[in-house]
Amino acid sequence: KVAMNALYHIEQHRLAEQKYIVDDALSIADIACYEEVIQLRFWSFILRDAGIELQTQFPNLYEWMDRMQCLESHDDTHRVMDKLTSWMQERYNEYRSLYDRVHRLTVDDK
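Residues numbered from 1 in each chain as written. Predicted model: local features only at pLDDT ≥ 70, side-chain atom pairs only at ≥ 80, totals over all residues. Heavy atoms only, no water.

Chemist: Looking at this structure, I do not really get helix α5 (residues 59-69). What am I missing?
Modeler: Spacing of three or four residues puts side chains on the same side of an α-helix, whose turn is 3.6 residues. L61, Y62, W64, M65 and M68 are the residues of α5 that are buried. Relative to the axis of α5, the buried residues are bounded by an arc of 160° and lie together on one face. (Buried < 20%, exposed > 50% of the residue type's maximum accessible area, 1.4 Å probe, protein only. Helix = DSSP H or I, 4+ residues; strand = E, 2+ residues; numbered from the N terminus. Arc of directions from axis to C-beta.)

This is how it looks when you write it as structure tokens:
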């Protein structure tokens, strides 16, 4: 819930008005934020199962991730994410019932 609120804030109060997190120039804030947020793109299968479609809910965030992905050396530094994605999918499938229980608990909180 806290993470979704943070994404909403970035979407509506930062990226709706400018190209990057602080303003229209790349900053350390973008790099720090990107390292966390990019995981959502790689591991979106978990969120989709929970009924959350981030690309639809956060179009500015996805456009920003696209801009960040075009940075020099991006692919070199994020190659490991591609390798981890299939591993994460396997672990997710193994522990799906646990994820389902956690999801039900978070939905009941609302």
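Chemist: Just checking my understanding: could you explain the layout of surface pockets for this structure?
Modeler: Over the atoms rolls a probe the size of a water molecule, and its path tells where empty space is left. Considered as a void within the structure, the largest pocket measures approximately 780 Å³ in volume. Lining the largest pocket are 26 residues; nearest its centre among them are K1, M4, L47, A50 and I52. Among the elements that make up the lining of the largest pocket, the one with the highest residue count is helix α7 (residues 96-109) (eight residues). Here the lining of the largest pocket is composed, by residue class, of 16 nonpolar, three polar and seven charged. (1 Å grid on protein atoms, 1.4 Å probe; cavity = no way out; pocket = protein on both sides within 12 Å on 5 of 7 lines; lining within 4 Å. Points joined across faces, edges and corners; volume = space filled by probe spheres on them. Nonpolar A, V, L, I, M, F, W, Y, C, P; charged D, E, K, R; others polar.)

Chemist: Explanation requested: the environment of Q55 in the structure shown.
Modeler: One can find Q55 in helix α4 (residues 54-57). Using a relative accessible area of 48% as the deciding quantity, one classes Q55 as partly exposed. Distance from Q55 to S44, taken between C-alpha atoms, is 9.4 Å for residues 11 residues apart in sequence.

Chemist: In this structure, what is going on with the nonpolar core? I would like to understand it.
Modeler: Where a protein is soluble and globular, its nonpolar side chains tend to be buried together. V37, L61, W64 and M65 are the most contacted members of the largest nonpolar core, which has 23 residues in total. At the level of secondary structure, the elements contributing two or more residues to this core comprise α1 (2-14), α2 (28-42), α3 (44-49), α5 and α6 (74-94). Not counting chain neighbours up to four residues away, the residues in contact with W64 comprise L15, K19, Y20, I21, D30, C33, Y34 and V37. (Core = buried A, V, L, I, M, F, W, Y, C linked by side-chain atoms within 4.5 Å. Contact = heavy atoms within 4.5 Å.)

Chemist: Would you mind going over the pattern of salt bridges with me for this structure?
Modeler: Opposite charge on two side chains makes pairing possible when the charged atoms of those side chains draw close. One pass over the full model with this rule turns up four salt bridges. Across the salt bridge formed by R48 and E53, the nearest N and O atoms sit 3.7 Å from each other. R48 sits in the partly exposed class, given a relative accessible area of 46%. The class of E53 is partly exposed, set by a relative accessible area of 34%. Between E90 and R91 there is a salt bridge, and its shortest N-O distance comes to 3.7 Å. Through salt bridges with shared partners, a single network forms among E90, R91 and E94. (Salt bridge = Lys/Arg side-chain N within 4 Å of Asp/Glu carboxyl O.)

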